[in-house]
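Descriptive structure summary
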Amino acid sequence: MDSHIGARPRIGAHVDQDDPLAHAAARDADVVQFFLGDPQGWKSPVTPATADALRASDVDVYVHAPYVINVATANNRIRIPSRKLLDAHLKAAAAIGAKGLIVHGGHVNAGDDPQTGYDNWRKVFERTECPIPVLIENTAGGGNAMARKLDRIARLWDAVTAGAPDPSVVGFCLDTCHFHAGGEELAGLVERVKAITGRIDLIHCNDSRDAFDSGADRHANLGSGQIDPELILEVCRTAGAPIVVETPFDGQADDIAYLRKHL
């Protein structure tokens, strides 16, 4: 963990992968998160040209895995490539000094037993070498999602911690927009999450363009969406974790400054 309750957290943003450090400097960010390729594609990760500088920098680096990865599904044509792509991104992220790889919880198809999804997640940690932690992120929508509601996250956590030889390689990324849109109240949320996971490794600090329990994953700059800013600040104050804003690029510097002022 990079921070703890009472200390000022490290704060940054999700940026373009072309030159993460330049984008960090432009936003006065302590932390950067980026993709290593097309987030909607299946191609292998691409190491940034700035990899040496990233490793040498005092900016903390996180990598977000492609959205297409769904290791929970019973569909072999998606699950098997998903595991391979996850493994490739773990290796590539570790090679540039990333502190974690963020992966969405995924989903099973309508009519499938959710337990299949939990079992498939357990197998990931039984079979995959994790040179850095896999930070599983809660998601906003879908009735068959593995990580939308806290009751599902509890079942997922039981499975992944059972599968991981080293529990430290399983982490949690808390997205404020996703929990709001997914129908979980932000008030007191950190305590409820930690009662399940025992840890929060990263905060995705995002406002939401849509209403509570809408199931819509559409981020907004802080203070311009539908979430009470005080509830977002409460999560950030109590989580004891680094913070990444995944908000529209033009407002990220203001979002970071806002958090520094109020945390």
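Up top you'll find the structure we're talking about.
First, a word on scope: everything that follows refers to the structure included in this document. (Residues numbered from 1 in each chain as written. Predicted model: local features only at pLDDT ≥ 70, side-chain atom pairs only at ≥ 80, totals over all residues. Heavy atoms only, no water.)

Observations regarding the pairing of strand E5 (residues 134-137)
So the rule is basically this: Relative accessibility thresholds used throughout: buried, under 20% of the residue-type maximum; exposed, over 50%; partly exposed, between the two (1.4 Å probe, protein chains only). By the criteria applied, helices consist of DSSP H or I runs no shorter than four residues and strands consist of E runs no shorter than two, each listed in order from the N terminus. Only strands joined by at least two bridges in the DSSP assignment are considered to pair. Seen with its strands pointing away from the viewer, a crossover is right-handed if its path from the first strand over the helix to the second goes clockwise.
Alternating residues of E5 divide into Val134 and Ile136 and Leu135 and Glu137, and every residue in both groups is buried. With 4 bridges joining them, strand E4 (residues 101-104) and E5 adopt parallel strand pairing. What sits directly across from histidine 104, in E5, is glutamate 137. Since E4 and E5 lie parallel, the crossover through helix H4 (residues 114-127) that links them has a hand, and here it is right-handed. Two strands pair when backbone bridges link them, and E5 and strand E6 (residues 170-175) are joined in this way by 4 bridges, in the parallel orientation. Opposite glutamate 137, over in E6, you have cysteine 173 as the bridge partner. In this fold, E5 hands off to helix H5 (residues 150-163), which returns the chain to E6; that crossover is right-handed.

A closer look at the sheet that holds E4
Cut-off, in case you're wondering: For helices, the fitted line uses only the C-alpha atoms of the stretch in contact; every axis is such a line through C-alpha atoms, and the angle between N-to-C directions lies from 0 to 180 degrees. Throughout, a contact is declared for two residues whenever any of their heavy atoms are within 4.5 Å.
Sheet architecture is closed into a barrel: 8 strands sit in the order E1-E2-E3-E4-E5-E6-E7-E10, paired in parallel fashion. Each adjacent strand pair in this sheet contributes to an overall mean axis angle of 30°, direction not counted. Contacting strand E3 (60-64), E4 and E5, helix H3 (residues 76-95) crosses the sheet at an angle of about 155° to E4. Along the sheet, H5 makes contact with E5 and E6, crossing E6 at roughly 160°.

Notes on helix H1 (residues 20-27)
What counts, and what does not: The arc in question is traced by the directions running from the helix axis to the C-beta atoms.
Listed in full, the buried residues belonging to H1 are Pro20, His23, Ala24 and Arg27. The buried residues of H1 occupy an angular sector of 105° when the element is viewed end-on, so they sit on one face. Counted as exposed and oriented over 90 degrees from the buried face of H1: Ala25 and Ala26. Residues of H1 that are buried make contact with strand E1 (11-14), strand E2 (31-34), helix H2 (51-56) and helix H9 (252-262). Phi turns positive, to about 55°, at aspartate 28, one or two residues after H1.

Examining the packing of H3 against H4
What counts is decided by this rule: Small angles under 35 degrees read as roughly parallel and large ones over 145 as roughly antiparallel, with 65 to 115 read as roughly perpendicular and the rest as oblique. Each crossing gets its hand from how the near helix is turned against the far one by less than a right angle, where anticlockwise is left-handed and clockwise is right-handed.
Running from N to C, H3 and H4 point in directions that differ by 40°, and their axes come no closer than 12 Å. When the axes of H3 and H4 are compared, the pair comes out oblique. Every pair of crossing elements has a handedness; the one defined by H3 and H4 is right-handed. For the pair H3 and H4, the contacting residues are Arg79, Arg83 and Leu86 in the first and Asn120, Lys123, Val124 and Arg127 in the second.

Description of the environment of isoleucine 256
Tracing the chain through its elements places isoleucine 256 in helix H9. Along the primary structure isoleucine 256 and arginine 10 are separated by 246 residues, whereas in three dimensions their C-alpha atoms are 10.0 Å apart. Residues within four places of isoleucine 256 in sequence aside, it is in contact with Ile11, Gly12, Ala13, Arg27, Asp28, Ala29 and Val245.

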